[in-house]
Amino acid sequence: MNTTRPEPTTPQPPTTPRADATGTGRIVLLTTSHRVAPGLLSWPAWQVLRTADRVLCSDGAHPQLPYLREAGTAVDEAAPTAQELVDACAGGRTVVVVATGEGEPALTDGLARLAGSGRVAMPELELLPASYDLPGARLLDLVQVMDRIRAECVWSSQKTHEGLAKYAIEEAYELVEAIEQGDRDELREELGDVLLQVVFHARIAEEDPEAPFSIDDVAGGIVAKLIHRHPHVFGDETASTPEEVKEHWLRTKAIEKRRESVTDGVPLGQPGLALAAKLASRVHNAGLDVPLPAGEGIGYELLALAARAEAEGVDPEAALRVAARAYRDAIRETEGEERR
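None of the values given here were measured: they were computed from a predicted structure. (Residues numbered from 1 in each chain as written. Predicted model: local features only at pLDDT ≥ 70, side-chain atom pairs only at ≥ 80, totals over all residues. Heavy atoms only, no water.)

## Examining the side chain of Arg203
With respect to the secondary-structure elements, Arg203 resides in helix 8 (residues 184–205). A relative accessible area of 14% means that Arg203 is categorised as buried. One polar contact links Arg203 to Glu207, side chain to side chain, over a distance of 2.9 Å. If we skip the residues at most four places from it in the chain, Arg203 touches Met146, Asp147 and Arg150. (Helix = DSSP H or I, 4+ residues; strand = E, 2+ residues; numbered from the N terminus. Buried < 20%, exposed > 50% of the residue type's maximum accessible area, 1.4 Å probe, protein only. Polar contact = N/O pair within 3.5 Å; in protein donor to acceptor, adjacent residues only side chain to side chain. Contact = heavy atoms within 4.5 Å.)

So this is what it looks like as structure tokens:
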């Protein structure tokens, strides 16, 4: 069940089961997140479990059961109908239902029908999240799904880093296109596709016989890098402008990499305009005065344009894509006129 964090409440002192004047009792549907370690339940959850007259769970393999029983909570493995559950609350009793991952839809639907009939005195109904997902919790699901796919899918189990490399490039371009088009649904989907590439490569890396690493190693590495390169956030440095932040980043990066040239680390396999702009950016950030190489031909002209774009804060690749799309639209318009 995908439970979300409940609204903050003021802590209350421990209570005993609440009985009402009519004796209809109380039903508490206790939900938990499988992304949180079993047994780590909220204080209100433990309180209601300790004071309940009866605790039920339809799933005998529910991960919470061993921990509840270890804590002294008796749990009956039962799947009562809505009417049976209402009857169990007679006399003002409190019954807690430890929900399965699906959230007990049959039971809640049955209770709703009974309440809607108007013929049954209904107990008090309460939904109590005993644990909830923290931001990023669904990433655990992705790791588990990828692990199973790697083990059981004939196609995925045969893939290597080299075989997947082209997909990483394709997905990155599709992400850029979604950003430029401003399509929010497409952006969300493409971000997921890019994330899949990271998780897939990390899963493959676990199997390396000489230098294995996992998705946790990948995440741990980037966390350490981000903290180290943001001393104005996690340390004693100060930065009040984006330019100062960039100075911190470049300075700490230079210390980490210990590069001999500002061109070290620039991938030469990237698109030509992007490569030229990146080199011009490195020169600019290093404060170097390097004239553009003299030469004739379109290549040198494009190099000059890319350097000019970088100096003006323009991404030459993005600018060319905008112009290319305008050209594509003009082509289609001409084609349409010829067909008429």
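## Regarding the environment of Pro267
Of note, Pro267 is situated in the loop between helix 11 (242–257) and helix 12 (272–286). Pro267 sits eleven residues away from Lys278 along the chain, and the two C-alpha atoms are 9.4 Å apart.

## Some words on the pairing of strand 4 (residues 94–98)
Most of strand 4 sits inside the fold, with five of its five residues counted as buried. Both faces of strand 4 are covered, namely the face carrying Thr94, Val96 and Val98 and the face carrying Val95 and Val97.

## Quick notes on the sheet that holds strand 3 (residues 76–77)
As summarised here, the arrangement of the five strands in space is 3-2-4-1-5, forming an open sheet in which the pairing is parallel. Looking at which strands have only one partner, the edges of the open sheet turn out to be strand 3 and strand 5 (124–129). For strand 1 (residues 26–31) and strand 4, the ladder comprises five bridges, and the chain directions are parallel. Across the sheet, the residue bridging to Val28 is Val96, located in strand 4. Helix 1 (residues 43–51) rests against strand 1, strand 2 (54–57), strand 4 and strand 5 of the sheet, and its axis sits at about 135 degrees to strand 1. (Pairing = 2+ DSSP bridges. Axes fitted to C-alpha atoms, helices over the stretch in contact; angles between N-to-C directions.)

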